[in-house]
Amino acid sequence: MRDGVYLPEWATVRPWQHKVSMGDESCGACSGSGYVLEEGVGFSVCSECQRRLGAGELIRMACLPRVLSEATVNGYVARNREQQAGKQLVADWVRAWAPGTGAVYEPGLFFWGPAGTGKSHLSAAAVRALANVRSPEWIDLDPRQWVWCGWAGVSWLLGIARLGAAGKLAAADDVLEAAETVPVLVLDDLGADRVTEFATGVLVDLLDQRLANGRPVIATANGSLEDLAEVIDGRIVSRLRELCVPVHLPGADYRGARHGGIGQRWADRAAASSVGV
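To start, this report covers the structure provided alongside it. These numbers come from a predicted model, not from an experiment.

## Concerning the overall build of the chain
Of the regular secondary structure elements, the chain holds 10 helices and seven strands. The buried share among the 277 residues of the chain stands at 44%. Restricting to contacts in the chain with at least 6 residues of sequence separation, those with at least 24 account for 78%. Summed over its atoms, the accessible surface of the chain is roughly 14200 Å², and 51% of this surface lies on carbon and sulfur atoms.

Right, here's the structure in full:
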């Protein structure tokens, strides 16, 4: 929290600035001590234990929305062929980042479709899975090999930029710089708000920096890139085309189904009350 404004951890610190606790109590290799006995070597730091702790730290730093904090790729319930294809694409995308694949850059993902089809779920699932695939062991690893993520709602990020431009948030430039440099950035809910010329400039500069430095973006929107071109500046859409692979998630709003139609039940109750039932 700075100047009364919430700032996510990915925007204010870097992973190697953290000290991770030595042992994971659930680790079978070291039983939570943080050390293993190696023949001819003696005691050394448990790399498996530290890998798991490191993954958890990267997930925490990403600052996912609480409702998505446990999202997984396997936990996404696909309800049609397009959603199943999107789920598989995310799984393949995460695997492509694995050490030893030779990949140093993968294009990002642009999830689009109606509200409630799992765009944000799959985005969060990708962040969590990526932390486990490319988490640091926190011992003698080149930080340039670490891949961590940052989650930013587009409305929130533009609000930070406006506060900075108005001189009301000294840390705004730091947040925008972090958004440019975090290895993978999630931009959630593009096109939800009216994009002014100022906002366009902020987003174009951000995407330009990420494009120039090979840093992917995961973005979500309720419409396709063609639809977005109707409501936001074409320069933003053009850069997203270069940065992301489109992933279409059509279908009905799963939130209503998940809650058993609670919205309809409240509407029925209100209607019944109005007639004295």
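Once the structure has been displayed, the description carries forward.
## Observations regarding the nonpolar core
Generally speaking, a soluble globular protein has its nonpolar side chains buried in company with each other. Core analysis: the biggest nonpolar cluster contains 44 residues, and Trp10, Leu185, Leu187, Leu190, Leu228, Ile236 and Leu240 have the highest contact counts within it. Those elements giving two or more residues to this core turn out to be α1 (47–62), α4 (154–165), α5 (172–181), β5 (184–190), α6 (197–212), β6 (217–221), α7 (225–228) and α8 (234–243). Here this core takes six residues from α6, the largest share from any one element. Other than its neighbours up to four places away in sequence, Leu228 contacts Phe110, Leu190, Gly191, Ala221, Gly223, Val237 and Leu240. With 27 residues, the next largest nonpolar core counts Val73, Phe111, Leu130 and Val184 among its residues.

## Things to note about the pattern of salt bridges
Going through the model one piece at a time under the given rule, you end up with six salt bridges. Arg95 serves as the salt-bridge partner of Asp92, at 2.5 Å between the closest nitrogen and oxygen. Taken together, the residues span about one helical turn, with Asp92 and Arg95 both in helix α2 (residues 81–95) at a distance of three residues. Residue Glu226 pairs with Arg241 through a salt bridge whose shortest N-O separation is 3.4 Å. Separated by 15 residues along the polypeptide, Glu226 in helix α7 and Arg241 in helix α8 bring together distant segments of the chain.

Criteria and cut-off values
Residues numbered from 1 in each chain as written. Predicted model: local features only at pLDDT ≥ 70, side-chain atom pairs only at ≥ 80, totals over all residues. Heavy atoms only, no water. Helix = DSSP H or I, 4+ residues; strand = E, 2+ residues; numbered from the N terminus. Buried < 20%, exposed > 50% of the residue type's maximum accessible area, 1.4 Å probe, protein only. Contact = heavy atoms within 4.5 Å. Areas by Shrake-Rupley, 256 points an atom, 1.4 Å probe, with all protein chains shown as cover. Core = buried A, V, L, I, M, F, W, Y, C linked by side-chain atoms within 4.5 Å. Salt bridge = Lys/Arg side-chain N within 4 Å of Asp/Glu carboxyl O.

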